[in-house]
Every structure is written in structure tokens, then in C-alpha cells.
Amino acid sequence: MNSTPTLLNRILIAVLGLTLLAVGALLMLLAAVPAVASWWHAWSAGAWSRVNEAFNATRFPGRTESWLWILVALALLVLIGLMVAWVAQQGKGRANLLAMEYDPGDVPGDVRIGGGVAEQALKHALANRPDLAGATVATYDVKGTPALKVRLLPRQGVAPHLLADEVYALVAALETVVGKNIPVLIHIGAGARTRFSRAERVR
């Protein structure tokens, strides 16, 4: 429901993972295979020599500094800007406002209901249930309309459709109190907590 670039995040994680895997494999080969270590020493010496030649050939007239350092600094600034933009995209879409109406009564003004009201009410209603291993509620802004996302982790053996019906009844009661229809996404997932946790039973 949010605008987090999940595909881009997965691609970046995959690239980073493959890079770290390649570096780790190279380090193991350098430590275990003498032929690879000899190749690395020869290649790194040649690469370092070419880098020095490139910096020596691009010095400012009458100075020892190379203008390549300016390109390196600009590249780092661009990289920092891209990282800041990427971080800013994470988790966007969360909202704090659930409903707002204008009240033309004796004291005209806007009546606002924060998303925390619905979140806390639903969390309290879903807390301490033996058929749930966990439940989270969050408010999002979907194309300018506040909406709720209810994520449930049912225990094994719990019927998802019955659980969804119960949450729908809770949301309907909340809509009656708020006086406004609220779009809701009910996400019923599974994970280690649902597989390895056991429901409490009355003995």
C-alpha cells in the first residue's frame, strides 16, 4: 500500500549480496590457492601502475594535483545524493490522519480523527487472542484517501476466512463510531512465529 520501491530494493540487495559473495570467494582463493595469489599480486601491481600514470598525466599545469580528483569528488556527491533519495523513498505512504470533516456548528472548524485512534482500537481488539500469533495495524494514504492495513499472523489450524470476517466486523464497528467508510486491506500471512508457536489451551 505504500510507495516503497520493493523491486529496486530487491535488485540492490541481490547485487550487494552477489558482490559480497564474489569478494568472499576471492579472499578464500587468495588465502588457499597460491596460483590465484600470484595472479592477484601481478594484476594489482599493474592496475595500480596504470592508475598512477592516469593521475600523473592529468595534473594541473604547474601543480602536482590531478583534475581526476574533481571527478572522483563529483562521483561521490552523486552517489551520496542517490543514497539519500533511495532512503527517502523507504516507507512512504504512511499517514497520520484517518478522517476529517468540517463542522459548521456553534464553533465552526475541522474535526480530525488521527490514524492512531483506529490503529490502537483495532490492536486492542485483536490483542491477547489465542488464534493470533501477531497483529499490526497501520494507516496509509492511498491516492489521497486514508486507508488501513491490518496484517494478521494466525496460528496453525485457524481458518483465514473466519478470521477475516471477524476483522471485517471490527472495522464495521469502527466505521460506525467514526461515521465514515474506511478502505481496509486485510493481509493474512504466515511465518516462523505461526509455525513454531502454540496457542494457549484451557486445561
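Scoring rules and cut-offs
- Residues numbered from 1 in each chain as written.
- Predicted model: local features only at pLDDT ≥ 70, side-chain atom pairs only at ≥ 80, totals over all residues.
- Heavy atoms only, no water.
- Helix = DSSP H or I, 4+ residues; strand = E, 2+ residues; numbered from the N terminus.
- Buried < 20%, exposed > 50% of the residue type's maximum accessible area, 1.4 Å probe, protein only.
- Areas by Shrake-Rupley, 256 points an atom, 1.4 Å probe, with all protein chains shown as cover.
- Phe/Tyr/Trp six-rings, centres within 6.5 Å; stacked < 30°, edge-to-face > 60°.
- Contact = heavy atoms within 4.5 Å.
- Core = buried A, V, L, I, M, F, W, Y, C linked by side-chain atoms within 4.5 Å.
- Salt bridge = Lys/Arg side-chain N within 4 Å of Asp/Glu carboxyl O.
- Axes fitted to C-alpha atoms, helices over the stretch in contact; angles between N-to-C directions.
- Parallel < 35°, antiparallel > 145°, perpendicular 65-115°, else oblique.
- Nonpolar A, V, L, I, M, F, W, Y, C, P; charged D, E, K, R; others polar.
- Left-handed = near helix turned anticlockwise from the far one by under 90°.
- Patch = residues over 30% accessible without salt bridge, like charges linked within 9 Å, V, L, I, M, F, W, Y side chains within 5 Å.

Q: Residue-level account of the overall build of the chain, with values.
A: Secondary structure summary: the chain contains six helices and five strands in total. The secondary structure elements of the chain, listed N-terminal to C-terminal, are α-α-α-β-β-α-β-β-α-β-α. Burial statistics for the chain: of 203 residues in total, 21% are counted as buried. Summed over its atoms, the accessible surface of the chain is roughly 14,800 Å², and 65% of this surface lies on carbon and sulfur atoms.

Q: Could you give an account of the packing of aromatic side chains, naming the residues involved and the relevant values?
A: Tallying each qualifying case throughout the model produces four aromatic pairs. Aromatic side chains W39 and W40 sit 6.2 Å apart centroid to centroid with 55° between the ring planes, which places their arrangement in the tilted category. Exposure remark for W40: the relative accessible area of 29% places this residue in the partly exposed category.

Q: Give me the lowdown on unusual backbone geometry, citing residues and values where you can.
A: The phi torsion of most residues other than glycine is negative, and most of the peptide bonds are trans. You will see that N128, though not glycine, has its phi angle at about 60°, which is positive. Its location among the elements puts N128 in the loop between helix 4 (115–126) and strand 3 (132–142). For N128, a relative accessible area of 81% gives the class exposed.

Q: Requested: an account of the environment of G189, with residues and values cited.
A: Looking at the secondary structure, you find G189 in the loop between strand 5 (184–188) and helix 6 (192–196). When its relative accessible area of 15% is taken as the criterion, G189 is described as buried. Once residues lying within four places of it in the same chain are set aside, the contact partners of G189 are L152, L153 and P154.

Q: Go over the nonpolar core with me, naming the residues and quoting the values.
A: Grouped together as the largest cluster of nonpolar side chains are 16 residues, with contacts concentrated most on L122, L126, L148, V150, L152, V167 and L174. Broken down by element, the residue count for this core peaks at five residues, all from helix 5 (residues 160–178). Setting aside its immediate chain neighbours within four residues, V150 contacts L122, L126, T136, V137, V167, V184, L185, I186 and H187.

Q: So, the pattern of salt bridges: which residues are in play, and what are the values?
A: Summed over the entire model, instances satisfying the criterion amount to three salt bridges. Residue D131 pairs with R129 through a salt bridge whose shortest N-O separation is 2.7 Å. For the residue pair D131 and R129, the accessibility class agrees, reading buried in each case. Note that R129 and E166 form a salt bridge whose closest N and O atoms lie 2.4 Å from each other. Here E166 lies in helix 5 and R129 lies in the loop between helix 4 and strand 3, a separation of 37 residues in the sequence. Among the residues examined, R129 registers a relative accessible area of 19% and is labelled buried.

Q: Mind laying out the packing of helix 1 (residues 6–32) against helix 2 (residues 34–57), listing which residues take part and the relevant values?
A: A pair of packed helices can be characterised by two numbers: the angle between their axes and the separation between those axes. Orientation of helix 1 relative to helix 2, taken along the N-to-C sense of each, is 110°, at an axis distance of 5 Å. The angle between the axes of helix 1 and helix 2 places the two elements in the roughly perpendicular class. Together, L26, L29, L30 and A32 of helix 1 and P34, V36, A37 and W40 of helix 2 make up the contact between the two elements. Residues of the contact of helix 1 with helix 2, tallied by class, amount to eight nonpolar, no polar and no charged.

Q: Go over the packing of helix 4 against helix 5 with me, naming the residues and quoting the values.
A: Running from N to C, helix 4 and helix 5 cross one another at 140°; their axes reach a closest spacing of 11 Å. When the interaxial angle is binned, helix 4 and helix 5 end up oblique. In this structure, helix 4 crosses over helix 5, and the sense of that crossing is right-handed. Residue-level inspection shows A118, L122, A125 and L126 of helix 4 in contact with helix 5, the latter providing V167, L170, V171 and L174. Classifying every residue of the contact of helix 4 with helix 5 gives eight nonpolar, no polar and no charged.

Q: Please give an account of a nonpolar patch on the surface that cites residues and values.
A: On the surface, a cluster of nonpolar side chains totalling about 760 Å² of accessible area is made up of F60, W67, I70, L71, L74, L77, I80 and V84. Assignment of secondary structure puts L77 in helix 3 (residues 68–88). On the basis of relative accessible area, L77 is assigned to the exposed category, the value being 56%.

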